[in-house]
Amino acid sequence: MNALIKTMAVTAVSAVALMGATAVHAEGERYVLVSHAPDSDSWWNTIRNALALAGEQMNVEVEYRNPPTGDIADMARLIEQAAASGPDGIITTLADPTVLSDSIQAAVDAGIDVIIMNSGTPEQAREVGALMYVGQPEYDAGFAAGQRAAGDGVTSFLCVNHVISNPVVAERCNGFADGLGVDLGDSMIDAGQDPAEIQNRVIAYLTANPETDGILTLGPTSADPTILALEEMGLAGDIYFGTFDLGENIVQGIRDGVIEWGIDQQPFLQAYLPVVVLTNYHRYGVLPGNNINSGPGFITADGLEMVEALAGEYR
C-alpha cells in the first residue's frame, strides 16, 4: 500500500512538473523582426519564410515589419513602434547606424533583448547594446570574392551598388577591390533601385569604360537588370560576372554561364537563428558566446541542384 501511494505521489509530481513546463512554453514569447527592405525586394522572401518557420518550430509569435519604400527614417519609427508594443525581443538590421542606433538603444534601455542581423557588424551590434550579431562579414566576403576574381584573371571591375545609403553593404565593393588588388576609385556606381535605371546605368558605365573585364552586383535588385544590360550589349557570358545573394534569375544566370558565382550569405539562417537564440535565452538562460557568421559561401554551377529547387524560398 505504501509503495502504491509513493508511486502515485511521484506520478502526480511528474505530471505537475510537466504541466508547469508546458505552461511556460505555451505562454508563447513574441518577437518582431524589423528590416530595411522595401516591399519590392523579393530577396527578403527567404527572411520572411525563415522567420515564420522558426516561429512555428519554437512555438512563439513572430512578426515581420519593414518600411514599404525602404526609407531608413521610417524603419527607425518601426523599431520604436515595435518596442512600444512590448515584445520579448526585437530582431533588426542595422542598415544605417546614424539613423537607427538611437531607436535600437532605446529598445535595449527599455529591457527588450535585441539581436542585429544581416546589416551591421559585430562591433556596431555591441555599441547599441544588442545581444549579438548574426550575418555575413561584408568586407571579408567581398575580399574573398576579389581574390577569386583575381585568380580568374580579372583586373578591373564595375560594382553595381543598389543600396548606396547602406555603408556596410558598400564594404562588399571595398573588399572586392582590395582582394583584386586595385583601387575602388570610380568603379562603384550608385545604381538606384529602379530596374530600368540600373540597366541603363550599367550600359552607360560599360560603354564609357570598355576595358572593364569584371562586374560585381550586390543582390538580385542589381543583378537582374545587369543581366539584361549584358544581353542588350551582347556581352552576356563574355564578361566576368559575380554577384552577392541568390534569386531565380541569378540561379538561371549561373546555370547559363552568364554569372560565374553567387555569394550565399544564407539569409534563412539570419532570420531563423535569432528566433531560436532568443527563445532558448528566455526559456533557459543560454546564449552563444560569439556572433554567428551566416556566410559567405560561393555557389557555382556545380552546386546548383538543391539551391535551384529552394531559391527564393529558403536559399
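About the criteria used
- Residues numbered from 1 in each chain as written.
- Predicted model: local features only at pLDDT ≥ 70, side-chain atom pairs only at ≥ 80, totals over all residues.
- Heavy atoms only, no water.
- UniProt positions renumbered as here; feature names shortened; annotations may be inferred.
- Helix = DSSP H or I, 4+ residues; strand = E, 2+ residues; numbered from the N terminus.
- Core = buried A, V, L, I, M, F, W, Y, C linked by side-chain atoms within 4.5 Å.
- Buried < 20%, exposed > 50% of the residue type's maximum accessible area, 1.4 Å probe, protein only.
- Contact = heavy atoms within 4.5 Å.
- pLDDT = per-residue confidence, 0-100.
- Axes fitted to C-alpha atoms, helices over the stretch in contact; angles between N-to-C directions.
- Left-handed = near helix turned anticlockwise from the far one by under 90°.
- Nonpolar A, V, L, I, M, F, W, Y, C, P; charged D, E, K, R; others polar.
- Salt bridge = Lys/Arg side-chain N within 4 Å of Asp/Glu carboxyl O.
- 1 Å grid on protein atoms, 1.4 Å probe; cavity = no way out; pocket = protein on both sides within 12 Å on 5 of 7 lines; lining within 4 Å.
- Points joined across faces, edges and corners; volume = space filled by probe spheres on them.
- Phe/Tyr/Trp six-rings, centres within 6.5 Å; stacked < 30°, edge-to-face > 60°.
- Lys NZ or Arg CZ within 6 Å of the ring centre and 35° of its normal.

The name given to the chain in an unreviewed UniProt entry is Sugar ABC transporter substrate-binding protein, with Gymnodinialimonas phycosphaerae as the source organism. Heading Sequence similarities (unreviewed entry) of the UniProt record for the chain holds this comment: "Belongs to the bacterial solute-binding protein 2 family." Recorded in UniProt for the chain, the comment headed Subcellular location (unreviewed entry) runs: "Periplasm".

According to UniProt, the feature "domain: Periplasmic binding protein" (unreviewed entry) maps to residues 34-281 in the numbering used here. Helix makes up 51% of residues 34-281 and strand 16%, and the two end C-alpha atoms of the span are 20 Å apart.

Right, let's talk about the nonpolar core for a bit. Proteins that are soluble and globular tend to have nonpolar side chains buried together. Counting 25 residues, the largest nonpolar core has L158, V160, V202, L206, I215, F241 and I259 as its most contacted members. Where this core is concerned, the elements lending two or more residues are β6 (158-161), α8 (195-208), α9 (220-233), α10 (248-256) and α12 (304-310). Those residues in contact with F241, other than ones at most four positions away along the chain, are I215, T217, A223, T226, I227, L230, V258, I259, E260 and W261. Core analysis: the next-biggest nonpolar cluster, separate from the first, contains 24 residues, Y31, I47, I91 and V134 among them.

With 91% of its residues at a pLDDT of at least 70, the chain reaches an overall mean of 91. Taken as a whole, residues 1-26 scores under 50 in pLDDT and shows four contacts with residues more than four places along the chain or in a different chain.

Let us now look at the packing of helix α6 (residues 138-151) against helix α7 (residues 167-180). Where α6 meets α7, the closest approach of the two axes is 6 Å, and the angle between their N-to-C directions is 35°. The interaxial crossing formed by α6 with α7 has right-handed handedness. Contacts between α6 and α7 involve E138, Y139, G142, F143, A145, G146, Q147, A149 and A150 from the first element and V168, E171, R172, N174, G175, F176, D178, G179 and L180 from the second. For the contact of α6 with α7, the per-class residue count stands at eight nonpolar, six polar and four charged.

With that settled, the discussion passes to the pattern of salt bridges. Oppositely charged side chains are able to pair whenever their charged atoms sit close together. One pass over the structure, following the stated rule, counts nine salt bridges. Across the pair D74 and R77 runs a salt bridge, and its minimum N-O distance is 2.2 Å. Taken together, the residues D74 and R77, both in helix α3 (residues 72-84) and three residues apart, mark about one turn of the helix. R77 gets classed as partly exposed once you look at its relative accessible area, which sits at 42%. Among the salt bridges present, the one from R255 reaches E308, with a minimum N-O distance of 2.4 Å. Pair noted here: R255 is in helix α10 and E308 is in helix α12, with a separation of 53 residues, a long-range link. For E308, a relative accessible area of 32% corresponds to the partly exposed category. One network of salt bridges, in which partners are shared, links R30, E63 and R65.

Moving on to the layout of surface pockets. Its boundaries defined by the atoms lining it, the largest pocket holds a volume of some 420 Å³. Taken together, 28 residues line the largest pocket, and the ones lying closest to its centre are H36, D41, H162, V163 and Q193. Among the elements of the structure, α7 and α9 are those that each provide at least two residues to the lining of the largest pocket. When the residues that make up the lining of the largest pocket are grouped by side-chain class, the tally is eleven nonpolar, twelve polar and five charged.

You can see Q270 is positioned in helix α11 (residues 267-284). By relative accessible area, which is 0% here, Q270 ends up buried. Q270 has contacts with W43, I47, M117, N118, V134, G135, Q136, Q265 and S294, leaving out every residue within four places of it along the chain.

To continue, consider the packing of aromatic side chains. Aromatic rings considered in pairs are described by the distance between their centres and by the relative angle of their planes. Inspection of the entire model under this criterion finds seven aromatic pairs. Both rings, one in W43 and one in W44, keep their centres 5.2 Å apart while their planes meet at 80°; by these two values the pair is edge-to-face. Comparing W43 with W44 shows no difference in burial state: the two are buried. Ring centres of W261 and F298 lie 5.3 Å apart, and the angle between their planes is 85°; on these two criteria the pair is classed as edge-to-face. With a gap of 37 residues between them, W261 in strand β10 (residues 261-264) and F298 in strand β12 (residues 297-299) connect regions that are remote in the sequence. Chaining the aromatic ring pairs together yields one cluster made of Y240, W261 and F298. Here the guanidinium or amino end of R148 rests over the ring plane of F298, the centre of that ring lying 4.7 Å away.

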